[in-house]
Amino acid sequence: TIMKVAKYACSSAVRFKQLIACFLSDDETLSQRAAWCLGWAAKMDAAMVMPHIKLLVDQLERTDVHYAVIRNSMRILEAIDIPEDLHGRVMNACFAFIEKPATPAAIKAFSLTTLYNLSKVYPEIQPELKFIIEDCMPHETAAFKSRGKKILKAMK
């Protein structure tokens, strides 16, 4: 069903906009399910999601949305070229997610990759990223450790 919805959404800009509307819904169940579909739709056709990137970034700064919305927003952001005018907001959100112990592992992993990708544009964040990875690694999940090790290796 998720794949059918994603494929349907990618069939036209109007339908994709309808999926975005569901994603932004105040109905928590609807927004969670739409977030999952949106993640797949973005994989199917990244160009469809590009006009809506600011809306995804807006979700990262909210405290009243389900983690599924944040997780799927981050999954999309780690895989695309984020518009330059959103770089600062995305970096701030990613660092905040990584530093907050309660953040789910997948969001932290996607945040690490997103920060690494942005560090290619802003090499001055690499020391902070390296420090945070090394500092958090001992008490983090296997997903964080795996992603962190890959990023540390790639930064050398």
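Here, the structure is the one placed above.
Residues numbered from 1 in each chain as written. Predicted model: local features only at pLDDT ≥ 70, side-chain atom pairs only at ≥ 80, totals over all residues. Heavy atoms only, no water.

**Student:** What's the story with the overall build of the chain in this structure? I'm lost.
**Tutor:** The secondary structure content of the chain amounts to 10 helices and zero strands. Walking the chain from its N terminus toward its C terminus, one meets helices and strands in the order α-α-α-α-α-α-α-α-α-α. Expressed as lengths along the three principal axes of its C-alpha atoms, the size of the chain is roughly 45 × 30 × 25 Å. In the chain, which comprises 156 residues, the proportion classed as buried is 45%. Pairs at least 24 residues apart make up 62% of the contacts formed inside the chain by residues separated by at least 6 positions. Accessible surface for the chain amounts to roughly 8400 Å². Of this, 57% is attributable to carbon and sulfur atoms. (Helix = DSSP H or I, 4+ residues; strand = E, 2+ residues; numbered from the N terminus. Buried < 20%, exposed > 50% of the residue type's maximum accessible area, 1.4 Å probe, protein only. Contact = heavy atoms within 4.5 Å. Areas by Shrake-Rupley, 256 points an atom, 1.4 Å probe, with all protein chains shown as cover.)

**Student:** Before we go on, may I ask you to explain the packing of helix 1 (residues 2-9) against helix 2 (residues 13-23) in this structure?
**Tutor:** With their axes 7 Å apart at the nearest point, helix 1 and helix 2 run at an angle of 130 degrees to one another. Relative to helix 2, the element helix 1 lies oblique. Here Val5, Tyr8 and Ala9 of helix 1 lie close against helix 2, whose contacting residues are Arg15, Phe16 and Leu19. Looking at side-chain class alone, the contact of helix 1 with helix 2 contains five nonpolar, no polar and one charged residues. (Axes fitted to C-alpha atoms, helices over the stretch in contact; angles between N-to-C directions. Parallel < 35°, antiparallel > 145°, perpendicular 65-115°, else oblique. Nonpolar A, V, L, I, M, F, W, Y, C, P; charged D, E, K, R; others polar.)

**Student:** What's the story with a nonpolar patch on the surface in this structure? I'm lost.
**Tutor:** Taken together, the side chains of Met3, Trp36, Trp40 and Met44 define a hydrophobic patch exposed on the protein surface, amounting to about 410 Å² of accessible area. Among the elements that take part in the nonpolar patch, helix 3 (residues 28-44) stands out by supplying three residues, more than any other. Locating tryptophan 40 in the fold gives a position in helix 3. (Patch = residues over 30% accessible without salt bridge, like charges linked within 9 Å, V, L, I, M, F, W, Y side chains within 5 Å. Salt bridge = Lys/Arg side-chain N within 4 Å of Asp/Glu carboxyl O.)

**Student:** Is there a simple way to explain the packing of aromatic side chains in this structure?
**Tutor:** The relation between two aromatic rings is expressed through the spacing of the ring centres and the mutual angle of the planes. Enumeration according to the criterion identifies zero aromatic pairs in this entry. The ring centre of tryptophan 40 lies 4.8 Å from the NZ or CZ of lysine 43, which sits over that ring. (Phe/Tyr/Trp six-rings, centres within 6.5 Å; stacked < 30°, edge-to-face > 60°. Lys NZ or Arg CZ within 6 Å of the ring centre and 35° of its normal.)

**Student:** How do you make sense of the nonpolar core when you look at a structure like this?
**Tutor:** Considering soluble globular proteins, one finds that nonpolar side chains tend to be buried as a cluster. Within the largest apolar cluster, 52 residues are counted, with the highest numbers of intra-cluster contacts made by Phe16, Leu38 and Met74. Element by element, the count of residues in this core is highest for helix 7 (residues 87-99), at seven residues. Sequence-distant contacts of methionine 74, that is, excluding residues within four places in its chain, are made with Leu60, Cys94, Phe97, Ile107, Phe110, Ser111 and Thr114. (Core = buried A, V, L, I, M, F, W, Y, C linked by side-chain atoms within 4.5 Å.)

**Student:** Could you clarify how one ought to interpret the packing of helix 1 against helix 3 in this entry?
**Tutor:** To describe two helices that pack against each other, one gives the angle between their axes and the distance between the axes. Direction vectors running N to C along helix 1 and helix 3 enclose 55 degrees, while the axes themselves pass 8 Å from each other. By the angle between their directions, the pair helix 1 and helix 3 is classed as oblique. The chirality of how helix 1 crosses helix 3 is right-handed. Contact residues: Ile2, Met3, Val5, Ala6 and Lys7 in helix 1; Trp36, Cys37, Trp40, Ala41 and Met44 in helix 3. (Left-handed = near helix turned anticlockwise from the far one by under 90°.)

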